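Examination of the molecular architecture
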Number of protein chains: 2
Amino acid sequence: MIRVACLQLAPVLGDVAGNVERARAAIRAAVADGAHIVVLPELATSGYLFTDAAEARRAALAPEDPLLATWAAEAGRGDAVVVGGFCELGDDGLLYNSAVVMDGSGVRAVYRKTHLWDREKLLFSPGTARPPVVDAPYGRIGVLICYDLEFPEMPRALALRGADLLAVPTNWPVVPRPDGEHPPEVVAAMAAARANRVFIACCDRSGTERGERWTRGSAVVDTCGWVRAACDEENGRATADLDLNEARAKRLTALSHALADRRPELYADLLSDAPPQPSP
Amino acid sequence: MIRVACLQLAPVLGDVAGNVERARAAIRAAVADGAHIVVLPELATSGYLFTDAAEARRAALAPEDPLLATWAAEAGRGDAVVVGGFCELGDDGLLYNSAVVMDGSGVRAVYRKTHLWDREKLLFSPGTARPPVVDAPYGRIGVLICYDLEFPEMPRALALRGADLLAVPTNWPVVPRPDGEHPPEVVAAMAAARANRVFIACCDRSGTERGERWTRGSAVVDTCGWVRAACDEENGRATADLDLNEARAKRLTALSHALADRRPELYADLLSDAPPQPSP
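The rules behind the values
- Residues numbered from 1 in each chain as written.
- Chains lettered and ligands numbered in written order.
- Predicted model: local features only at pLDDT ≥ 70, side-chain atom pairs only at ≥ 80, totals over all residues.
- Heavy atoms only, no water.
- pLDDT = per-residue confidence, 0-100.
- Pairing = 2+ DSSP bridges.
- Helix = DSSP H or I, 4+ residues; strand = E, 2+ residues; numbered from the N terminus.
- Axes fitted to C-alpha atoms, helices over the stretch in contact; angles between N-to-C directions.
- Salt bridge = Lys/Arg side-chain N within 4 Å of Asp/Glu carboxyl O.
- Buried < 20%, exposed > 50% of the residue type's maximum accessible area, 1.4 Å probe, protein only.
- Least-squares fit on C-alpha atoms with pLDDT ≥ 70 in both.
- Contact = heavy atoms within 4.5 Å.

1. Observations concerning the confidence of the model for chain A
Here chain A shows a mean pLDDT of 96. Residues at 70 or above account for 98%. For this predicted complex, the interface score ipTM comes out at 0.97, alongside a pTM of 0.98.

Laid out in structure tokens, this is it:
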């Protein structure tokens, strides 16, 4: 069994040093509590609601920044892996909404969000590479960021590449939902986890920023699609103990198999087509 | 607004004439109550738990069978469309787990289930054609059958082909679920509806057959992924009034669009690969 912890922090817009330090302290506490995989929110270093690209640029870090290295040092105290969102200043000079994967050895991977949501398109460049699948001692960790998860192609592709657990830094603004329902993004995670027989750990944020509130919907979902741990508290933590080997069991019955039962010859061409141009 | 009704019938194994007649009477009642789209369970004519292919063959019908034509006649009383599962004897002599789409003019389309579940593989041949998208006066109806819906590629492909509502005849055997949760298949429908901004009407069955019970989980899901109507009663009916135009609104914000935001260049090749051979 391994322990997964989603740290539902409340980043302060533009306070990069403070955000990194508060995250570092939270990582230390989670690792001390036995966490093997620690997930932070999207843009945990910077906050989210930038007015313009110039403001985002002032809050951007390179993946090798010594500030982020403090997270790796905390991971190294416990043989843990940290997956956290940050505002990236790329080596190409562009801004990205990214996630870094770190362990005691330093940066293992950087993922640049593929599907930018709404005004993010005005601030960031979209990623042009597939998300990473990082080999950790206890399993293979795939990475997505927030809106990425709403494209079922993404968790499917990561499952086909062998990911056991998807770590998903998110910032989910509050949207209405019927009484008794999970947040819609959690429903998407539940369905994706079950369809692909993978674990999914979504780390949402808390706090209020320029009037915006977030769902505080962090959730760890198992391979049957059920929520093992959730947290709706400010600065709370969703923690679950998981057997990642369950994600290697894609066979559903003697004759059914979650991945081998696909019939790509009947739909893959449709999924390959260029997206339709949206009507105005 | 149009009215969608899922008729959660309880087919009796092998009683084809009786099953068709009970479904006909239920269609009549639903159409009299104003239903425009009537969905029946999977294998509504035959029941599900065949011991072997010979037993299934004895319960099979051609799509043009006069028994099924009685459904079309009932649809014609109200300008309705009926989508119902039946055990098909194909013109090629093979057995299929199929759905027929009928209106007052007769058979509009026949769909042969693409993804066969478990022992269905011993009884039926898998379909080799894409599911239909049928133009009705009030919108475009796509068709899937049960396990098909658990492959996110299927609703995605139907949405890309312009379907507004997916009619999904199902037989969902009872599986455990945590208190307060929807059946897992409904969670899959909720996520698929929201990801693709389509309506989904799943018609489950009721009754008991050779000791097996079904979920009785019929549900009509809207384009935001919420359950508009559900029914857990024996021989009950889930009815919802829907504005199918909502399914034409794929734009989520001024800058975001459910289909145009896809990035197929980053995953379509993975989704096209032949399925992995399952390990024994």
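2. Comments concerning the sheet that holds strand E9 (residues 199–203) of chain B
Residue and element names in this part refer to chain B. Taking strand neighbours across the sheet as the criterion, the 6 strands line up as E6-E7-E8-E9-E12-E13 in an open arrangement whose pairing is mixed. The strands lining the two open edges of the sheet, one partner per strand, are strand E6 (133–136) and strand E13 (227–230). Across this sheet, the average inter-strand angle for adjacent strands is 20°, counted without regard to direction. Relative to E9, strand E8 (residues 165–169) runs parallel, the two being bridged by 5 bridges. Across the sheet, the residue bridging to Val168 is Cys202, located in E9.

3. As for the pattern of salt bridges
All told, the structure shown has 46 salt bridges over all chains when counted by the stated rule. Between Glu21(A) and Arg24(A) there is a salt bridge, with its nearest N and O atoms 2.8 Å apart. On the criterion of helical spacing, the pair formed by Glu21(A) and Arg24(A) is a turn pair, its members being 3 residues apart in helix H1 (residues 16–32). Owing to a relative accessible area of 39%, Glu21(A) belongs among the partly exposed residues under this scheme. Close ionic contact of Glu153(A) with Arg156(B) constitutes a salt bridge, the shortest N to O distance being 2.7 Å.

4. Observations regarding the relation of the copies chain B and chain A
Turning chain B through 180° and shifting it by 0.0 Å along the axis lays it on chain A, with an RMSD of 0.0 Å. What the superposition gives is, in effect, a two-fold axis relating one chain to the other. Taken as a fraction of all interface residues of chain B, those also at the interface in chain A reach 100%, which identifies the copy contact as same-surface.

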